[in-house]
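Observations on the model geometry
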2 protein chains.
Amino acid sequence: MAELITIDRPDDPRLYDYTDLTDVELRRRREPAEGLFIAEGEKVIRRALQAGYPMRSMLLSAKWLDTMRDVIDASPAPVYVIDPELAARVTGYHVHRGALASMARKPLPEAGRLLAGARRVAVMESVNDHTNIGAIFRSAAALGMDAVLLSPDCADPLYRRSVKVSMGAVFAVPYARLTDWPRDLNAVREAGFQLLALTPGAEAVAMDEAAPHRLPKVALMLGAEGDGLSARALRAADTRVRIPMALGVDSLNVGAAAAVAFYAVATGRPES
Amino acid sequence: MAELITIDRPDDPRLYDYTDLTDVELRRRREPAEGLFIAEGEKVIRRALQAGYPMRSMLLSAKWLDTMRDVIDASPAPVYVIDPELAARVTGYHVHRGALASMARKPLPEAGRLLAGARRVAVMESVNDHTNIGAIFRSAAALGMDAVLLSPDCADPLYRRSVKVSMGAVFAVPYARLTDWPRDLNAVREAGFQLLALTPGAEAVAMDEAAPHRLPKVALMLGAEGDGLSARALRAADTRVRIPMALGVDSLNVGAAAAVAFYAVATGRPES
């Protein structure tokens, strides 16, 4: 059972995991380096624990003690009880979800291990917006993607905003980070996957003609909002596929495009 | 050609259209009542003009005068030139897109008129989040939906945030507001549309089995994030359809669900 510790000074060093949460640049460096991430709100904290992430500590206002009682009882991590005003001074914002937890990261799996058991994989290049990363993981979980592979410059799926937008799906869909981009895509192909690059380019095959749901193993490549996939990523793909667009419309939002493509890859069935 | 007027006082009454833009509650009442909406940024302002909305005035910092020169020359509306600091005091935020326009609303078309020329229509119930409304319009435009019908309590597609998130698609996709909900859905059916209600409920037909792309006229009903469609809206539908979900996942984000459903309705083709 956890120890309950009331804290009354914002500079208490035990709160160090929770300082300056609104400083995105600082936190995106600090959190991976220190091996932690922040789970916000009851639901997300519970999902992180269910996914096997060890808890380092929890930060609660007093009125959340009852709601989180079972979590507190089941964990050895210290629980810091803190006035909401004080919490705002430490974190930089008003924590209206009332509960924060600092969770320990786990080592990421090797890409090869994820590919071994997978049939549908999303591959993201340079998606560096935390909201988009979270939204894409949420859709990937809902639409049955087995795993996600990230290019080296993708944003951190465990950043607070990504976790929140994903509704905890970043814990449910296993992911790995590729280190040599785009060369590591060769290993994906060698594992039996057909590499489909999603692009609005007119030269691409329409998604319904490509009929990716008929392929035994699909790796669906997605680029960032705006720029899309790089030229070298497009060259590394087997096939370019596009979502048919109405005339005169630039593009879908990357989250919407990902959802449509996941649906086409995972759900489309021969009888349709 | 517009008159250029340099303004140096935040309480200048000519700036009234632009006051307190960050007060969502105030603005969501004021803007429809006063027959205006705010377009933000060069691209959105140009799209609003192309769509035929008359300009009431424009608010620019001096460095945007060159970029907007052709717009200024083509419009009789006054252009207020204002220091960025002063603009922030009037509007309540730092206008980093540099240009705002106050545009006059146009009367909304009758639903019946929209239905007459349409084959694929999105019907939203109680979608009262401006970001979601904007995202859904963007996907509707990209995926070829012909029109949008809104229940009486849906948020305003012309609210600044909706316009921005939609990338101006709220100007491109015609929409109407139903007044008697859900009874007005009868008129949609009488216009020859099959009413499909999107729901995660297990009793619903899977989207690929429903094969909505084969139907001549489809009205796709969407509810709000979280609650989904109301029981009475579900009862008013002809068929309930669901996007097949992976086990244990609650739901897709409403924007992602809309994109998938629009794709299935508009793009799915018999040969797939």
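Conventions used here
Residues numbered from 1 in each chain as written. Chains lettered and ligands numbered in written order. Predicted model: local features only at pLDDT ≥ 70, side-chain atom pairs only at ≥ 80, totals over all residues. Heavy atoms only, no water. UniProt positions renumbered as here; feature names shortened; annotations may be inferred. Helix = DSSP H or I, 4+ residues; strand = E, 2+ residues; numbered from the N terminus. Buried < 20%, exposed > 50% of the residue type's maximum accessible area, 1.4 Å probe, protein only. Polar contact = N/O pair within 3.5 Å; in protein donor to acceptor, adjacent residues only side chain to side chain. Contact = heavy atoms within 4.5 Å. Buried area = accessible area lost by both parts, 1.4 Å probe. Salt bridge = Lys/Arg side-chain N within 4 Å of Asp/Glu carboxyl O. 1 Å grid on protein atoms, 1.4 Å probe; cavity = no way out; pocket = protein on both sides within 12 Å on 5 of 7 lines; lining within 4 Å. Points joined across faces, edges and corners; volume = space filled by probe spheres on them. Nonpolar A, V, L, I, M, F, W, Y, C, P; charged D, E, K, R; others polar. Right-handed = clockwise from strand over helix to strand, strands pointing away. Pairing = 2+ DSSP bridges. Axes fitted to C-alpha atoms, helices over the stretch in contact; angles between N-to-C directions. Parallel < 35°, antiparallel > 145°, perpendicular 65-115°, else oblique. Left-handed = near helix turned anticlockwise from the far one by under 90°. Least-squares fit on C-alpha atoms with pLDDT ≥ 70 in both.

**Regarding the UniProt feature "domain: RNA 2-O ribose methyltransferase substrate binding" (unreviewed entry) in chain A**
UniProt's entry tags residues 38-109 of chain A with the feature "domain: RNA 2-O ribose methyltransferase substrate binding" (unreviewed entry), counted in the numbering of this structure. Here residues 38-109 of chain A runs as 32% helix and 26% strand, with 20 Å between its end C-alpha atoms.

**What about the side chain of Ser166(B)?**
Residue and element names in this part refer to chain B. Assignment of secondary structure puts Ser 166 in the loop between α7 (160-165) and α8 (169-172). You can call Ser 166 buried: its relative accessible area is 1%. Here Val 163 takes part through its backbone oxygen, which lies 2.9 Å from a polar atom of the side chain of Ser 166.

**Focus on the interface of chain B and chain A**
Facing 33 residues of chain B, the contacting portion of chain A comprises 33 residues. Summed over both partners, the interface of chain B with chain A comes to about 2,600 Å²; 54% of that surface belongs to carbon and sulfur atoms. Where chain B meets chain A, there are two salt bridges. Here Glu225(B) and Arg138(A) are joined by a salt bridge, their closest N and O atoms 3.1 Å apart. Across the chain B-chain A interface, the total number found is six residue pairs in polar contact (both at pLDDT 80 or more). Elements supplying a minimum of two residues to the side of chain B that touches chain A: α2 (42-50), α6 (130-142), α10 (207-210) and α12 (254-266) of chain B.

**Brief notes about the layout of surface pockets**
Looking at the largest pocket, its volume works out to about 1,400 Å³. In this structure, the largest pocket is lined by 48 residues; those nearest its centre are Thr131(A), Asn132(A), Asn253(A), Thr131(B) and Arg161(B). For the lining of the largest pocket, the secondary-structure elements that each account for two or more residues are α2 (42-50), α6 (130-142), α7 (160-165) and α12 (254-266) of chain A together with α2, α6, α7 and α12 of chain B. In terms of residue class, the lining of the largest pocket is made up of 15 nonpolar, 14 polar and 19 charged.

**Brief notes about the pairing of strand β7 (residues 147-150) of chain B**
The side chains of a regular strand alternate, first on one face of the sheet and then on the other. Residue and element names in this part refer to chain B. Side chains of β7 alternate between two faces, with Ala 147 and Leu 149 and Val 148 and Leu 150 buried alike. Taken together, strand β6 (residues 120-124), α6 and β7 constitute a β-α-β crossover, and its handedness is right-handed. Where β7 meets strand β8 (residues 175-177), three bridges bridge the pair, whose relative direction is parallel. Within β8, the residue paired with Leu 150 across the bridge is Arg 177.

**A look at the pairing of strand β12 (residues 239-242) of chain B**
Residues and elements named next belong to chain B. The sheet contact formed by strand β9 (residues 194-198) and β12 spans three bridges and is parallel. When the sheet's bridge partners are listed, Ala 197 is paired in β12 with Arg 240. Of the strand pairs in this sheet, strand β10 (residues 205-206) and β12 are connected by two bridges, and their pairing is parallel. Among the inter-strand pairings, Ala 206 is bridged to a residue of β12, identified as Arg 242.

**Things to note about the packing of α6(A) against α12(A)**
Residue and element names in this part refer to chain A. Running from N to C, α6 and α12 point in directions that differ by 20 degrees, and their axes come no closer than 9 Å. When the axis of α6 is compared with that of α12, the two are roughly parallel. Relative to α12, the crossing made by α6 is right-handed. Residues Asn 132, Ile 136, Ser 139 and Ala 140 of α6 touch α12, and the partners they reach there are Val 254, Gly 255, Ala 258, Ala 259 and Phe 262.

**So, the relation of the copies chain B and chain A**
Here chain B sits on chain A after a turn of 180 degrees about the axis and a move of 0.1 Å along it, with an RMSD of 0.0 Å. Read as a symmetry element, the transformation amounts to a two-fold axis. When the interface residues of chain B are mapped onto chain A, 100% of them are again interface residues, pointing to one common binding face.

**Focus: the sheet that holds strand β4 (residues 79-82) of chain A**
All names here are of chain A. Judged by pairing direction, the sheet is mixed, and its five strands sit side by side in the order β1-β4-β3-β5-β2 without closing on themselves. Two strands bound the open sheet, and with one partner strand each, they are β1 (4-7) and β2 (36-40). Along the sheet, successive strands turn relative to each other by an average axial angle of 20 degrees, direction set aside. Relative to strand β5 (residues 99-104), strand β3 (residues 55-60) is paired through five bridges, and the arrangement is antiparallel. What sits directly across from Met 55, in β5, is Met 103. Its contacts with the sheet place helix α1 (residues 24-34) against β2 and β3, and it is angled at close to 115 degrees to β2.

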